[in-house]
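Here's the letter readout for the chains.
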Amino acid sequence: MVKMIRLDFESIRDISSSIDPERMRAKAEEAQRILEGRTGEGSDFLGWLELPVQISEGEIHALEEMASSIQKTEALVVIGIGGSYLGTRSILSALTKPFTSKSLPVYFAGWQMDALYHKDLLSLLKGKKYFLNMISKSGSTLEPALAFRFFWNDLEKRYSSKELQELVAVTTDSSKGSLRKFTDNHSLPSFIIPDDIGGRFSVFTPVALLPLAAAGINIRKLLEGAAEMRMILQQTQFTENPALQYAAYRHSSYNSCKKIEILAVYQACLGSFAEWWKQLFGESEGKDGKGIFPTSVNLSSDLHSLGQWIQEGERSVFETVLDIEEAGELEIPYEAKDEDHLNYLSKRKLHDVNRTALKAVLKAHQSGGVPCLRISLEKLDEKNLGALMYFFMYSCAVSAYMLGVNPFDQPGVESYKKNMFRLLGKP
Ligand code: PA5
């Protein structure tokens, strides 16, 4: 199994007992053939498959150049929603220190339409020289478009059009959409989201690479991890291929009426990662009346809220646990008086206690009828995260093909838009 990540099917037998594992394997392999052979639905959206391997030195260099000019400002505002921001936010919160980070402050806007949030962000940035990175593939998504209007309006009042060209960069389609037109009209620097890569598969494009590089993340290592994972997933057989195994396991769970998958994370900094994962699987698989519902818990805190449901509620769930083997050395101090009766833990590492909780929870959930899979990562760094994200993207595509749905479209999101635009009186 791959070095960077390890899969432990803690209770695979529970699942495979009702389903023929050989059939699952054959189905996963067939789905992989469809994916790699580019013969399935949505095959014109497979640009992400080779991207980490094929991205050129020139492209990386251009991103790093722009990133270093962004670093000369006081903050970066990233405008985007869904696939146009979730990957960036998840990597950033996984890899930057929550309180003492010295890197450029990054703020996210346009990922919802909350007036309180945007008003406060605008007032925080009042008079500051910040950089604006507007990201939208279609260029027409309402939430980011509105946020862009606010921030552009703020900068336009304070800077000349020449100066704006140094403070705003747009990441969008190469030729289509009103944002592309705007970008060209104002001669703003821009980065391209390739035609053959959809939002939730765009984490290794400038969508995330530019803001991440500006925030001091080593994007070369991120791509290196993804490229290594690409080679592994392309070249290994089922028994050594974590993505095929994960997809087969999910499919077998689904067929055993376990239709909700809970991603459990034990690090505060992985909460956003779970949001990225939910979008990836939810938007890719939930269609044609099919699909596993992806949800997540932050443990151990959610053991004090949702833990009861997981342990004893309806038995329709299975759990995928992200286990980070090394994280933050913090030793529990010895207290002579032991007033809190915690000396039995003194001199032990807080992270070890956290991982012991993880093991205890796994056991409890399994005995409560929740099949569990543990995905272990040695530590959180750029390379491992790149590998992990590529692994999930690949398994997601395989898993969707196993279900018989197109992983790369999202026709369902149009329904609310039609209603909203009608109510808003859009001409
Ligand atoms: O995965 C997707 O395609 C979507 O989640 C999009 O990323 C999201 O709707 C934002 O779209 P756009 O980048 O066109 O504004």
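Residues numbered from 1 in each chain as written. Predicted model: local features only at pLDDT ≥ 70, side-chain atom pairs only at ≥ 80, totals over all residues. Heavy atoms only, no water.

Visitor: Tell me about the overall build of the chain, and please be specific about residues and values.
Guide: For the chain, the helix and strand inventory stands at 17 helices and ten strands. On C-alpha atoms alone, the chain measures out to a radius of gyration of 23 Å, which is about the 22 Å that the 2.2 N^0.38 rule sets for 427 residues. For the chain, the spread of C-alpha atoms along the principal axes amounts to about 65 × 65 × 45 Å. Within the chain, the proportion of its 427 residues that are buried is 52%. When the accessible area of the chain is evaluated, it comes to approximately 19700 Å², of which 53% is carbon and sulfur surface. Charged side chains in the chain number 49 positive and 54 negative. The centres of these two groups are separated by 3 Å. (Helix = DSSP H or I, 4+ residues; strand = E, 2+ residues; numbered from the N terminus. Rg over C-alpha atoms; globule rule 2.2 N^0.38 Å. Buried < 20%, exposed > 50% of the residue type's maximum accessible area, 1.4 Å probe, protein only. Areas by Shrake-Rupley, 256 points an atom, 1.4 Å probe, with all protein chains shown as cover. Lys, Arg positive; Asp, Glu negative; His and termini not counted. Charge placed at Lys NZ, Arg CZ, Asp CG, Glu CD.)

Visitor: A description of the packing of helix α5 (residues 86-95) against helix α10 (residues 206-214) should follow, citing residues and the corresponding values.
Guide: It is at 8 Å that the axes of α5 and α10 come closest, and there the two elements cross at 35°. Crossing of α5 against α10: the hand is right-handed. Counting all contacts with α5, which are made through Thr 88, Ile 91 and Leu 92, the residues of α10 involved are Val 207, Ala 208, Pro 211 and Leu 212. Across the contact of α5 with α10, the residue classes tally to six nonpolar, one polar and no charged. (Axes fitted to C-alpha atoms, helices over the stretch in contact; angles between N-to-C directions. Left-handed = near helix turned anticlockwise from the far one by under 90°. Contact = heavy atoms within 4.5 Å. Nonpolar A, V, L, I, M, F, W, Y, C, P; charged D, E, K, R; others polar.)

Visitor: With reference to specific residues and values, describe the site of the ligand.
Guide: Taken together, 13 residues surround the ligand, and among them Ser 84, Ser 136, Ser 138, Thr 141 and Gln 279 come closest. The backbone of Gly 83 places a nitrogen or oxygen atom 3.0 Å from an oxygen atom of the ligand. In the environment of the ligand, an oxygen atom lies 2.7 Å from a nitrogen or oxygen atom belonging to the side chain of Ser 138. Within the complex, 85% of the 390 Å² of free accessible area of the ligand lies under protein. Tallied by class, residues from the shell around the ligand come to one nonpolar, nine polar and three charged. (Near = heavy atom within 4 Å. Polar contact = N/O pair within 3.5 Å; in protein donor to acceptor, adjacent residues only side chain to side chain.)

Visitor: How would you sum up the pairing of strand β2 (residues 75-79)? Please name residues and give values.
Guide: Extensive coverage of β2 is indicated by the burial of five of its five residues. Going residue by residue along β2, you find Ala 75, Val 77 and Ile 79 tucked away on one face and Leu 76 and Val 78 tucked away on the opposite face as well. Bridging between β2 and strand β4 (residues 130-135) involves five bridges; their strand directions are parallel. Bridge pairing in β4 places Val 78 opposite Asn 133. Examined bridge by bridge, β2 and strand β3 (residues 106-109) share four bridges and lie parallel to one another. (Pairing = 2+ DSSP bridges.)

Visitor: Report on the packing of helix α13 (residues 271-285) against helix α16 (residues 382-403), specifying residues and quantitative values.
Guide: Orientation of α13 relative to α16, taken along the N-to-C sense of each, is 20°, at an axis distance of 9 Å. Here α16 runs roughly parallel to α13, going by the angle between their axes. In this structure, α13 crosses over α16, and the sense of that crossing is right-handed. Every residue of α16 that contacts α13 at Phe 273, Trp 276, Trp 277, Leu 280, Phe 281, Ser 284 and Glu 285 is listed here: Leu 385, Leu 388, Met 389, Phe 392, Met 393, Ser 395, Cys 396, Ser 399, Ala 400 and Leu 403. Classifying every residue of the contact of α13 with α16 by side-chain character gives 13 nonpolar, three polar and one charged. (Parallel < 35°, antiparallel > 145°, perpendicular 65-115°, else oblique.)

Visitor: Help me get a handle on the environment of Asp 184, residues and values and all.
Guide: Here Asp 184 lies in helix α9 (residues 178-185). Its relative accessible area of 46% is what places Asp 184 among the partly exposed residues. Spatially, the C-alpha atoms of Asp 184 and Pro 98 are 37 Å apart, while their sequence positions differ by 86 residues.

Visitor: Please set out the domain arrangement of the chain residue by residue, giving values where relevant.
Guide: According to the domain assignment, the chain consists of domain 1 (6-39 + 222-403) and domain 2 (47-217). Domain 1 and domain 2 are separated by 30 Å when their C-alpha centres are compared. Opposite the 32 residues of domain 1 that make contact, domain 2 presents 24 residues. The junction of domain 1 with domain 2 conceals about 2500 Å² of combined surface from both sides, 72% of it contributed by carbon and sulfur atoms. At the boundary of domain 1 with domain 2, the tally comes to two salt bridges. (Domains from an automatic or database assignment. Buried area = accessible area lost by both parts, 1.4 Å probe. Salt bridge = Lys/Arg side-chain N within 4 Å of Asp/Glu carboxyl O.)

Visitor: Residues and numbers for the nonpolar core, please.
Guide: Ranked by internal contacts, the top residues of the largest apolar core, which has 94 residues, are Trp 48, Phe 204, Trp 276, Leu 388, Phe 391 and Phe 392. Looking at this core, the element that brings in the most residues is α16, giving 16 residues. Filtering out sequence-adjacent residues up to four positions away, Trp 276 remains in contact with Leu 86, Gly 87, Ser 90, Arg 200, Val 203, Met 389, Phe 392 and Met 393. With 21 residues, the next largest nonpolar core counts Ala 109, Phe 148, Trp 152 and Leu 188 among its residues. (Core = buried A, V, L, I, M, F, W, Y, C linked by side-chain atoms within 4.5 Å.)

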